[in-house]
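# Structural description and commentary
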Amino acid sequence: GAGVLIVLVIVIAAVTASHNTTTTTTGTAASPAGTPAAPVVATAGLGSVVRDGKFQFTITSVSHARTVGGSGLSKTAQGDYAILHVTVTNIGNVAQTLDDTSQYVYDAAGRKFSADSTADLYITGNDVFFNQINPGNTVRGEIAFDLPAGDSAVRGELHDSAFSNGVTVRL
């Protein structure tokens, strides 16, 4: 009973904290005289700084590999890995856990792919695999997605938690 209550409190706290999503905007749209101009939402791309909840994300590049990890601990993709190189900063006032399973990519057909947590674990020096980030701190790392051979990720969807709205970045 007490364990269920604790889990419920954590879930409610995560949902409440994660509904603070910011979208990057630039400029204003043309509008008829006398009416306020509506913001034009910029499509974020590689190198863009985007925010979701307590995290600020930047996808710095995308690489591809068949296998990730070192000679002793490695994982080979079923197809090919699309690897997002990311920088994540906690812009909140409390520690927040970055969970790679809350991150996604989509291909041109609109298919949604989940991160391969085992591959992320094997990437040497990777700081984005289930990492608690304190306020103001920044981590850098890689998130691997196993796509069919020859397929490409065209956009990423980044979340500060499984319950947040997320933000989309064009790859």
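Everything below is about the structure printed above this text.
How each quantity is defined
Residues numbered from 1 in each chain as written. Predicted model: local features only at pLDDT ≥ 70, side-chain atom pairs only at ≥ 80, totals over all residues. Heavy atoms only, no water. Salt bridge = Lys/Arg side-chain N within 4 Å of Asp/Glu carboxyl O. Helix = DSSP H or I, 4+ residues; strand = E, 2+ residues; numbered from the N terminus. Pairing = 2+ DSSP bridges. Axes fitted to C-alpha atoms, helices over the stretch in contact; angles between N-to-C directions. Contact = heavy atoms within 4.5 Å. Polar contact = N/O pair within 3.5 Å; in protein donor to acceptor, adjacent residues only side chain to side chain.

## A look at the pattern of salt bridges
Between side chains of opposite charge, a pair can form when the charged atoms approach closely. What the rule picks out here adds up to three salt bridges. Across the salt bridge formed by Asp116 and Lys75, the nearest N and O atoms sit 2.8 Å from each other. Of this pair, Asp116 sits in the loop between strand S9 (112-114) and helix H2 (117-122) while Lys75 sits in strand S6 (residues 74-90), placing them 41 residues apart in sequence. One salt-bridge network, held together by shared partners, links Asp107, Arg111 and Asp151.

## Points about the sheet that holds strand S12 (residues 153-158)
The four strands lie next to each other as S9-S8-S12-S13, forming an open sheet whose pairing is antiparallel. The open sheet terminates on both sides in strands that have one partner only, identified here as S9 and strand S13 (167-170). Adjacent strand axes in the sheet meet at a mean angle of 30° when their direction is disregarded. Pairing geometry for strand S8 (residues 104-107) and S9, over three bridges, is antiparallel. Following the sheet pairing, Tyr106 is matched in S9 by Lys112.

## Considerations on the pairing of S12
Inspection of the sheet shows S8 paired to S12 by four bridges, in the antiparallel sense. Bridge pairing in S12 links Asp107 to Ala153. Pairing between S12 and S13: four bridges, direction antiparallel. The residue of S13 that forms the bridge with Arg155 is Arg170.

## Things to note about the environment of Ser117
Relative to the assigned elements, Ser117 resides in helix H2. C-alpha of Ser117 to C-alpha of Ile143: the two residues are 26 residues apart in sequence and 8.1 Å apart in space. In this view, Ser117 contacts Asp100, Thr101 and Phe129; residues no more than four positions away in its chain are not counted. Among the polar contacts listed, one links the side chain of Ser117 to the side chain of Asp100, at a separation of 3.1 Å.

## A word on unusual backbone geometry
Despite not being glycine, Phe130 has its phi angle at roughly 40°, a positive value. Along the chain, Phe130 falls in the loop between H2 and strand S10 (131-133).

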